[in-house]
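Residues per chain are reported as follows:
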Amino acid sequence: MSNSKDEFFKVPKLLADGGNWVTYRDRLRWALTARGLLKHIDNVTSEPVDPNTGISTPSPLDATAYNTHLAMDIAYEARAQKYEMAEATVKQSIASSVPDSIFNQIKTKKTAKDVWDAITEIFESRSTMVAIDL
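Residues numbered from 1 in each chain as written. Predicted model: local features only at pLDDT ≥ 70, side-chain atom pairs only at ≥ 80, totals over all residues. Heavy atoms only, no water.

Undergrad: Sorry, what's going on with unusual backbone geometry here?
TA: For residues besides glycine, phi is generally negative; the peptide bonds are generally trans as well. Of note in the backbone geometry, Asn43 takes a positive phi value of approximately 60 degrees without being a glycine. Tracing the sequence through the fold places Asn43 in the loop between helix 2 (21-34) and helix 3 (63-95). Overall, the relative accessible area of 53% leaves Asn43 in the exposed class. (Helix = DSSP H or I, 4+ residues; strand = E, 2+ residues; numbered from the N terminus. Buried < 20%, exposed > 50% of the residue type's maximum accessible area, 1.4 Å probe, protein only.)

Undergrad: Got a minute to help me understand the environment of Asn52 in this structure?
TA: Considering the arrangement of structural elements, one finds Asn52 in the loop between helix 2 and helix 3. The sequence separation of Asn52 and Met72 amounts to 20 residues, and the corresponding C-alpha distance is 7.4 Å.

Undergrad: For this particular structure, what's the right way to read the packing of aromatic side chains?
TA: For any pair of aromatic rings, the description consists of the separation of the ring centres together with the inter-plane angle of the planes. For the structure shown, the criterion picks out three aromatic pairs. When the ring of Trp21 is compared with that of Tyr24, the centres are 6.1 Å apart and the planes differ by 35 degrees; the resulting orientation is tilted. A residue pair is termed a helical-turn pair when its members lie 3 or 4 positions apart in one helix, as Trp21 and Tyr24 do in helix 2 at three residues. This pair shows no difference in class: Trp21 is buried, exactly as Tyr24 is. Summarising the aromatic geometry, the rings of Trp21 and Phe123 are spaced 5.5 Å apart at their centres and angled 20 degrees between planes, so their arrangement reads as stacked. Of this pair, Trp21 sits in helix 2 while Phe123 is found in helix 5 (residues 112-133), placing the two residues 102 residues apart along the sequence. Among the residues examined, Trp21 registers a relative accessible area of 1% and is labelled buried. Relative accessible area serves as the criterion here: at 0%, Phe123 is assigned to the buried category. Aromatic rings pair up to connect Trp21, Tyr24, Trp116 and Phe123 into one cluster. (Phe/Tyr/Trp six-rings, centres within 6.5 Å; stacked < 30°, edge-to-face > 60°.)

Undergrad: Can you help me understand helix 2 in this one?
TA: Each α-helix winds once per 3.6 residues, and so residues spaced three or four apart point in a common direction. The first and last C-alpha atoms of helix 2 sit 20 Å apart over 14 residues, in line with the 20 Å expected at 1.5 Å per residue. If you check which residues of helix 2 are buried, you get Trp21, Tyr24, Leu28, Ala31 and Leu32. Down the axis of helix 2, the buried set is contained in an arc of 95 degrees. They therefore lie on one face. (Expected span 1.5 Å × (residues − 1). Arc of directions from axis to C-beta.)

Undergrad: What is the right way to read the pattern of salt bridges from this model?
TA: Between side chains of opposite charge, a pair can form as their charged atoms come close. Taken as a whole and assessed by the stated rule, the structure comprises five salt bridges. Of the charged contacts, one joins Arg25 and Asp26 as a salt bridge, the two residues approaching to 3.1 Å between their closest N and O atoms. For Asp26, a relative accessible area of 34% translates into the label partly exposed. Here Glu47 makes a salt bridge to Lys110, at a shortest N to O gap of 3.7 Å. Remark: Lys110 occurs in the loop between helix 4 (100-106) and helix 5 and Glu47 occurs in the loop between helix 2 and helix 3; sequence separation between them is 63 residues. By relative accessible area, which is 41% here, Glu47 ends up partly exposed. Of the residues examined, Lys110 reaches a relative accessible area of 60% and is grouped as exposed. (Salt bridge = Lys/Arg side-chain N within 4 Å of Asp/Glu carboxyl O.)

Honestly, it's all geometry; don't read function into it.
Written out as structure tokens, the structure is:
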């Protein structure tokens, strides 16, 4: 039995007919929670905004302003990289656990939240139809 980190966070593949949608949804949410990434599908996080947008770089002769500007750039780049990595991780977690037919419907979505919303829309409506048929 493998005890690697990847195995720990493994989510079972979603069936094309959505027969395991409720279990898939809940297990994916648990796996993302364990990684500290659930906020990327719950819309609790947003892409960092560059604080220096529209601000020209101060002259190096003004050391305080220049160093502050530089520090803000470095901090922003670190936040942006962390955000992008988290988004990519969530999107890959979803992409690797859905059928190709579903992946082809979601692959152009911009954010992890957009991907999740698209999948939820597809399968929540199917789950409702199945419940009505019962």
